[in-house]
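# Fold and contact review
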Amino acid sequence: MADEKRLSARRKHTLKSCMLVVANNLLEAESNVKVGEREKFLAEKCPPLELPYSKDELEQLCKTLHEQIDLSEEERYGTEFKLNMVLNEVRDLNIKIVDLRGKFKRPRLKKVRMSADAMLKALLGSKHTVNMDLRANLKQVKKEVKEEDKQLREAGDWRKNIEDKSDRKKMFDS
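Here's what I pulled together on the structure shown here. (Residues numbered from 1 in each chain as written. Predicted model: local features only at pLDDT ≥ 70, side-chain atom pairs only at ≥ 80, totals over all residues. Heavy atoms only, no water.)

Before going further, it helps to spend a moment on a nonpolar patch on the surface. Together, Val112, Met114, Met119, Leu123 and Leu124 line one region of the surface with nonpolar side chains, adding up to about 530 Å² of accessible area. Mapped onto the secondary structure, Met114 falls in the loop between α3 (55-101) and α4 (116-124). (Patch = residues over 30% accessible without salt bridge, like charges linked within 9 Å, V, L, I, M, F, W, Y side chains within 5 Å. Areas by Shrake-Rupley, 256 points an atom, 1.4 Å probe, with all protein chains shown as cover. Salt bridge = Lys/Arg side-chain N within 4 Å of Asp/Glu carboxyl O. Helix = DSSP H or I, 4+ residues; strand = E, 2+ residues; numbered from the N terminus.)

Printed below as a string of C-alpha cells:
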C-alpha cells in the first residue's frame, strides 16, 4: 500500500517542472501588468515634451513646468508628512505595548513588619475589630517536673554539694 501512494521520481520531476513553468508564466504576466501601469502613470503625469521654437512659448512652457513641479512637491511633502505621522503613531503604540507587557524593571519592594491585626485592618479597613490571637490554637504541653530535678534544685549551693561528695571519696579511700 505504501508503494502505491508514493510518486515515482520521474513523476515528481515532471510535476515540479510544470509548477515552475506555471509560476514563471504568472511572474511574467505580473511584471507586464506592472510595466503597463508604470507607463500609464508616466503618460498621465509626464506628457511627452515638445519644445517650441519661439522665446515666449519657451517661457510659457517653463512656467507650466514650474507649476507642475510645485504641485508634485506639495504632494510629496503631504505624503511624507502623513508617513511620518503614521510612523510616529506606530512607534508610540509599540512603546505602549512594551509597557503593557511589563518589559520594564520592577522596583524592589520594602519589607514591612506588620502584625496580623494591622494587616487585616489595612485590608478590611476600619470595620475590622476582631483581634487575632495566633497562639490561642496552639497545642499546650504540660511540663512534668521530675524528682531528680527537684532534688537538684533543692540542693542549693553547688559548693556544698561538692563538699558532700568529697566526704564520700574519703570514705572509699580509707
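The next subject is the layout of surface pockets. Taken as a whole, the largest pocket holds about 450 Å³ of empty space. Lining the largest pocket we find 16 residues, and of these Lys45, Cys46, Pro47, Gln68 and Ser72 sit closest to its centre. Of all the secondary-structure elements, those providing two or more residues to the lining of the largest pocket are α2 (9-45) and α3. Tallying contributions element by element places α3 first for the lining of the largest pocket, with 8 residues. (1 Å grid on protein atoms, 1.4 Å probe; cavity = no way out; pocket = protein on both sides within 12 Å on 5 of 7 lines; lining within 4 Å. Points joined across faces, edges and corners; volume = space filled by probe spheres on them.)

This brings us to the packing of aromatic side chains. When we look at a pair of aromatic rings, we describe it by the centre distance and by the angle of the planes. Enumeration according to the criterion identifies 1 aromatic pair in this entry. Relative to Phe81, the ring of Tyr77 lies with its centre 6.5 Å away and its plane at 20°, an arrangement referred to as stacked. Of this pair, Tyr77 and Phe81 are both found in helix α3, 4 residues apart, which corresponds to roughly one turn of the helix. Here Phe81 falls in the partly exposed class, since its relative accessible area comes to 45%. (Phe/Tyr/Trp six-rings, centres within 6.5 Å; stacked < 30°, edge-to-face > 60°. Buried < 20%, exposed > 50% of the residue type's maximum accessible area, 1.4 Å probe, protein only.)

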